[in-house]
Amino acid sequence: MNSKFDATHPASDRRNSTARSQALFERALQVMPGGSTRATIFFHPHPPYAAHGQGSRIVDVDGNVILDFTNNFFSAIHGHANPRIVAAVTEAAARGISFGLPTEVEVDLAEHICARSPVFETIRFSNSGSEAVLSAIKAARAFTGRPAIAKIEGAYHGSYDHVEVSLDSKPGNWGEAAPAGTKYARGTPDAVVGDTVILPFNDADAAVRLLEAHGSRLAALLFDPLPSRVGLIPATPGFVAAIREATQRLGIVLIVDEIVCFRLSHGGAHPLWDLKPDLVTLGKIIGGGLPIGAVTGRRDIMEMFDVRPGKPAVPHGGTFTANPVTMAAGLASLRQLDQPAYDHLNRLGDHFRQRVTAAIAGTGLPAQVTGMGSLFRIHPHRRPVHDYRTAYPTDAEKALMGRLHPWLVEQGFLLTPNLSGALSTPMTEAEVDAVAEALAEGFAWAAAAGRAAA
Ligand SMILES: Cc1ncc(COP(=O)(O)O)c(C=O)c1O
């Protein structure tokens, strides 16, 4: 086994071959379009195939050790093979993997999450964050009797048609006076775009004007206060206060998407902005690494899912929803997330941003790091970032990231292709210092490689 960051080979930059990953990818190409099941994890020429993981590290099928800063897209907050989660999953599976009946552990997890914030009055589980978001939107439509939603330009909320609108708007099509609704997946119906109003991030006056202009047909505003694809910069307190006031006044359900940022504190993200959402969507860390999503919030809106009066306003089921293995994993994950765990993660996140900032400054290259708590994103420029447009990389910056990301993987550091990541509880300053040095070295290498190719 080998990588730059490997306690048994600390100074080595040798790497095993990637022959086995390559062979797997060639097999995959025969049976899966593009050889992949997830658009988000593909990169050229092919990703390494994971063999096993422990704590902060993954070992790939060729024996290379990779320090994992994606933690499966911010979901594995305790890293890999966490002993308490593994034990909980093993015990639950031995009792029966899923039933066409509810189980006690579903009630346990629901109680645990609802106890974390007074906003979480009741909760409804699903199998993914995408499903949680679409369920929340359906509940908001049923509650308000209105068809449309509003969302922030560039913000990611999963794969439901409406929330994909404007996901990859570009300078050529993103509009001037107000952000344009642009299609993401080819074939998206025009009606979907027509029922989705796009707001600029952190521009309170413009956002409130748009909410007022479309208010009578808006069921919901879907809002992430730390949206990763918008640049992983926090919403300003003034923006949050303005959209909360406007949505309340206009009868629009405010859905706060905490599928990623719930990890910021014991009570989630909304308390950090002093925000009282109507609904909150959750996912990722609440499943301990297994597929999950949840909608939670105001009892009167959540009642749209209530089956008891007969046909609910919003019928919602799912063969695997709230299966006991996922519920047990989620409970084991969240029970380990006490205040010392949050303090550790948040301190390490601050250390990360300081170290990366210092390491990049040492190179004189234009780059910066954004983020909050245990979440980070590296930008290949020094422009002040306050919304999707200021974060949006130029073609040259995209090319640089396209060189840097595989180079980092080769050196044994896994970040997402847009250079974002999340820390996990088993990490220490040693891992953070190692990736800071690798990033500085990688930026210098990628810039030089770009100049050589020009
Ligand atoms: C903010 C946000 N919302 C929703 C989702 C969708 O969650 P899932 O991938 O579980 O469908 C994601 C996934 O990354 C996300 O980051």
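Basis of the calculations
Residues numbered from 1 in each chain as written. Predicted model: local features only at pLDDT ≥ 70, side-chain atom pairs only at ≥ 80, totals over all residues. Heavy atoms only, no water. Near = heavy atom within 4 Å. Polar contact = N/O pair within 3.5 Å; in protein donor to acceptor, adjacent residues only side chain to side chain. Areas by Shrake-Rupley, 256 points an atom, 1.4 Å probe, with all protein chains shown as cover. Nonpolar A, V, L, I, M, F, W, Y, C, P; charged D, E, K, R; others polar. Phe/Tyr/Trp six-rings, centres within 6.5 Å; stacked < 30°, edge-to-face > 60°. Helix = DSSP H or I, 4+ residues; strand = E, 2+ residues; numbered from the N terminus. Buried < 20%, exposed > 50% of the residue type's maximum accessible area, 1.4 Å probe, protein only. Lys NZ or Arg CZ within 6 Å of the ring centre and 35° of its normal. Axes fitted to C-alpha atoms, helices over the stretch in contact; angles between N-to-C directions. Left-handed = near helix turned anticlockwise from the far one by under 90°. Contact = heavy atoms within 4.5 Å. Salt bridge = Lys/Arg side-chain N within 4 Å of Asp/Glu carboxyl O.

Participant: I'm lost on the site of the ligand in this one. Help?
Facilitator: Taken together, Ser-128, Gly-129, Ser-130, Tyr-156, His-157, Gly-158, Asp-224, Asp-257, Ile-259, Val-260 and Lys-284 form the complete shell of residues around the ligand. Contact distances for the ligand include 2.8 Å between an oxygen atom and a side-chain N or O atom of Ser-130. In this structure, an oxygen atom belonging to the ligand sits 2.7 Å away from a side-chain N or O atom of Lys-284. The protein chains hide 80% of the 390 Å² of surface that the ligand would expose on its own. Here the residues of the shell around the ligand sort into three nonpolar, five polar and three charged.

Participant: Got a minute to help me understand the packing of aromatic side chains in this structure?
Facilitator: Centre distance and the angle of the planes are the two values used to describe a pair of aromatic rings. What the rule picks out here adds up to eleven aromatic pairs. Seen from their ring centres, Trp-407 and Trp-445 are 5.8 Å apart, and the 20° between their planes marks the pair as stacked. Of the two residues, Trp-407 is situated in helix H13 (residues 395-411) and Trp-445 in helix H14 (residues 429-453); the sequence distance between them amounts to 38 residues. We classify Trp-445 as partly exposed; its relative accessible area is 38%. An aromatic cluster is built from Phe-69, Phe-352 and Phe-376, whose rings are joined through pairwise contacts. A cation over an aromatic ring shows up here: Arg-229 above the ring of Tyr-156, its NZ or CZ 4.3 Å from the ring centre.

Participant: Explain the packing of helix H4 (residues 104-114) against helix H10 (residues 324-335) to me, please; I cannot follow it from the model alone.
Facilitator: How two helices pack is summed up by the angle between their axes together with the distance between the axes. One way to put it is that H4 packs onto H10 with a least axis distance of 9 Å and a crossing angle of 35°. Crossing handedness for the pair H4 and H10: left-handed. Of the residues in H10, those touching H4 at Val-105, Glu-106, Asp-108, Leu-109, His-112 and Ile-113 are Pro-324, Met-327, Ala-328, Gly-330, Leu-331, Leu-334 and Arg-335. Residues belonging to the contact of H4 with H10 are distributed by class as follows: eight nonpolar, two polar and three charged.

Participant: When you look at unusual backbone geometry in this model, what are you seeing that I'm missing?
Facilitator: One can expect most non-glycine residues to show negative phi and most peptide bonds to be in trans. For the bond running from His-44 to Pro-45, omega is -5°, close enough to zero to count as cis. Relative to the helices and strands, Pro-45 resides in the loop between helix H1 (19-31) and strand E1 (50-54). The phi angle at Ser-166 is positive, at roughly 75°, despite the residue not being glycine. Here Ser-166 lies in the loop between strand E5 (148-152) and helix H6 (190-194). With phi around 65°, Leu-419 is a residue other than glycine that occupies positive phi space. The residue Leu-419 is located in the loop between strand E13 (413-414) and strand E14 (420-422) in this model. Look at Leu-419 and you get buried, because its relative accessible area is 0%.

Participant: What is the right way to look at the pattern of salt bridges in this model?
Facilitator: Pairing between side chains of opposite charge can happen when the charged atoms of each approach one another. Enumeration according to the criterion identifies 14 salt bridges in this entry. Lys-170 is the salt-bridge partner of Asp-168, the closest N and O atoms lying 3.4 Å from each other. Two residues, Asp-278 and Arg-244, come together in a salt bridge whose shortest N-O distance is 3.0 Å. Remark: Arg-244 occurs in helix H8 (residues 237-250) and Asp-278 occurs in the loop between strand E8 (253-257) and strand E9 (279-283); sequence separation between them is 34 residues. Of the residues examined, Asp-278 reaches a relative accessible area of 5% and is grouped as buried. A residue is classified by how much of its surface remains accessible, and Arg-244, at 11% relative accessible area, is buried. Here the residues in one salt-bridge network are Arg-244, Asp-278, Arg-298 and Asp-300, joined through shared partners.

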